[in-house]
Amino acid sequence: MHTKLISVEALKALLQSPHPPLVFDCSFDLGDAQAGLRQFEKSHIPGAVYAHLDRDLSDKSHPDGARAGRHPLPQRESFAAWLAAAGLSKGRQVVVYDRQGANYCGRLWWMLKWIGHDAVAVLDGGLQAWQAAGHATDAGPNQAQRTATSGPFEAQGSLVISLETADIAARLGAPDLTVIDARATPRFRGEVEPLDPVAGHIPGALNRPFALNLDGQGRFKPAALLRQEFEDLLAGRDPASVVHHCGSGVSALPNLLAMAVAGLGTTALYPGSWSAWCNTPGSPIAKS
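Let us look at the structure shown here. Predicted model only: the values in this text are computed from it and were never measured.

### Side note on the overall build of the protein chain
Thought 1: Scanning the protein chain for helices and strands turns up 10 helices and nine strands.
Thought 2: Over its C-alpha trace the protein chain gives a radius of gyration of 18 Å, about what one expects of a compact globule, namely 19 Å for 288 residues.
Thought 3: Considered along the principal axes of its C-alpha atoms, the protein chain spans approximately 50 × 40 × 35 Å.
Thought 4: The buried share of the protein chain, reckoned over its 288 residues, is 52%.
Thought 5: Across the protein chain, every contact between residues at least 6 apart in sequence was considered, and the portion connecting residues at least 24 apart equals 76%.
Thought 6: A total of about 12,100 Å² of accessible surface is found on the protein chain, and carbon and sulfur atoms cover 53% of it.

### Focus on the side chain of D196
Thought 1: Of note, D196 is situated in the loop between α7 (185-189) and β7 (206-207).
Thought 2: Using a relative accessible area of 7% as the deciding quantity, one classes D196 as buried.
Thought 3: Here the side chain of D196 touches R70 through a polar contact of 2.7 Å, side chain to side chain.
Thought 4: Every residue in contact with D196, bar those within four places of it in the chain, is listed here: R70, R187, G247, W274, S275 and C278.

### So, the pattern of salt bridges
Thought 1: Using the criterion set out here, one finds 14 salt bridges in the structure.
Thought 2: Here R183 makes a salt bridge to E193, at a shortest N to O gap of 3.5 Å. Of the two residues, R183 is situated in the loop between β6 (178-181) and α7 and E193 in the loop between α7 and β7; the sequence distance between them amounts to 10 residues. Grouping residues by exposure puts R183 and E193 together as buried.
Thought 3: Across the pair R187 and D196 runs a salt bridge, and its minimum N-O distance is 3.4 Å. Summarising the burial analysis for this pair, R187 and D196 share the class buried.
Thought 4: Taken together, the shared-partner salt bridges connect R70, D181, R183, R187, E193 and D196 into one network.

### Focus on the pairing of strand β8 (residues 242-245)
Thought 1: Of the two faces of β8, the one carrying V242 and H244 and the one carrying V243 and H245 are both buried.
Thought 2: Here β6 runs beside β8; their pairing, made up of four bridges, is parallel. If you follow D181 over to β8, its bridge partner there is H245.
Thought 3: The sheet contact formed by β8 and strand β9 (residues 268-269) spans two bridges and is parallel. What sits directly across from H244, in β9, is L269.
Thought 4: A crossover connection joins β8 to the parallel β9 through helix α9 (residues 253-261); in handedness this β-α-β unit is right-handed.

### Description of the sheet that holds strand β3 (residues 49-50)
Thought 1: Judged by pairing direction, the sheet is parallel, and its five strands sit side by side in the order β1-β5-β4-β2-β3 without closing on themselves. Lying at the two open borders of the sheet, with one neighbouring strand each, are β1 (5-6) and β3.
Thought 2: Pairing of β1 with strand β5 (residues 120-123), which is carried by two bridges, proceeds in the parallel orientation. Considered in β5, the bridge of L5 is made with V122.

### Considerations on the environment of D215
Thought 1: With respect to the helices and strands, D215 occurs in the loop between β7 and α8 (223-234).
Thought 2: You can call D215 partly exposed: its relative accessible area is 30%.
Thought 3: For the pair D215 and G125, spaced 90 residues apart in sequence, the C-alpha separation works out to 9.4 Å.
Thought 4: The residues touching D215, leaving out its near neighbours within four places in the chain, are F220 and K221.
Thought 5: For D215, the side chain forms a polar contact with the main-chain nitrogen of Q217, separated by 2.8 Å.

### Points about the packing of aromatic side chains
To describe a pair of aromatic rings, you give the distance between the ring centres and the angle between the ring planes.
Thought 1: Tallied over the entire structure, the rule returns six aromatic pairs.
Thought 2: Both rings, one in F79 and one in W114, keep their centres 6.4 Å apart while their planes meet at 35°; by these two values the pair is tilted. Of this pair, F79 sits in helix α3 (residues 76-86) while W114 is found in helix α4 (residues 105-114), placing the two residues 35 residues apart along the sequence.
Thought 3: For F79, a relative accessible area of 1% translates into the label buried.
Thought 4: Residue W114 is classed as buried on the basis of its relative accessible area, which comes to 11%.
Thought 5: In this structure an aromatic cluster arises from ring pairing among F24, F79, W82, W110 and W114.
Thought 6: The residue whose ring lies beneath R76 is W114, and the NZ or CZ to ring-centre distance is 5.8 Å.
Thought 7: Looking at R208, its charged tip hangs above the ring of F230, at a distance of 4.3 Å from the centre.

Each value, and the rule that gives it
Residues numbered from 1 in each chain as written. Predicted model: local features only at pLDDT ≥ 70, side-chain atom pairs only at ≥ 80, totals over all residues. Heavy atoms only, no water. Helix = DSSP H or I, 4+ residues; strand = E, 2+ residues; numbered from the N terminus. Rg over C-alpha atoms; globule rule 2.2 N^0.38 Å. Buried < 20%, exposed > 50% of the residue type's maximum accessible area, 1.4 Å probe, protein only. Contact = heavy atoms within 4.5 Å. Areas by Shrake-Rupley, 256 points an atom, 1.4 Å probe, with all protein chains shown as cover. Polar contact = N/O pair within 3.5 Å; in protein donor to acceptor, adjacent residues only side chain to side chain. Salt bridge = Lys/Arg side-chain N within 4 Å of Asp/Glu carboxyl O. Pairing = 2+ DSSP bridges. Right-handed = clockwise from strand over helix to strand, strands pointing away. Phe/Tyr/Trp six-rings, centres within 6.5 Å; stacked < 30°, edge-to-face > 60°. Lys NZ or Arg CZ within 6 Å of the ring centre and 35° of its normal.

Don't take any of this as a statement about function, it's just geometry.
Quick look at the structure:
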């Protein structure tokens, strides 16, 4: 079972096996919500199902409105039903990828673990690595991947840690809370803010832009190097105190995955992230 990363070679072998994995393409663009689907229709791994960040991996009708952030999590039951319709059954291996440096597929990776499905891995290097290895791609519209063995898929107990705005606010400044912000440094410092109404960051947060986890070929850096980089960032803080944060609970996931790859354990996610924090009255904001 693959639970973190999977290589192109391992995925190719699984796809040729008697029990192929369910593959999701999560390509997306925050500036153009339909760009990912167009990319998928132009080229995708054969048999892949498209997962749309706004429609499939978020609940834009969340009753808390802006206070829930730009990409609120959907109801667990409705998400499980969507996965079942896509062809997922209990225990089936899932592989997720995108073509944006794992910025979006990490969301589905985490969400599957959020509903208790551990057999999910991110394709290291994304679609670019698949194509660079000379493997074929398909074109055309999205299709569900139902199989004869697929049956009802139901959400189970969460395998991850999720914190809300109130949780962060209550522990702000405490030694058992270390917020790592995955946004680009100018956004973290409050110099620019292209997506949310207020610029800045959560007081005391550390900044590690998510792209720092990848090497020049778009693959995750070796585990030992990632471990050293995170230990340097934490400067003695307990990895178990870490909660990951970004703009809307999406680009924080490469950092969370990288810490897992590095052997630093299961760390928490703040799904609402900055878009929830800055829309919650009374939330303190820092700049610099």
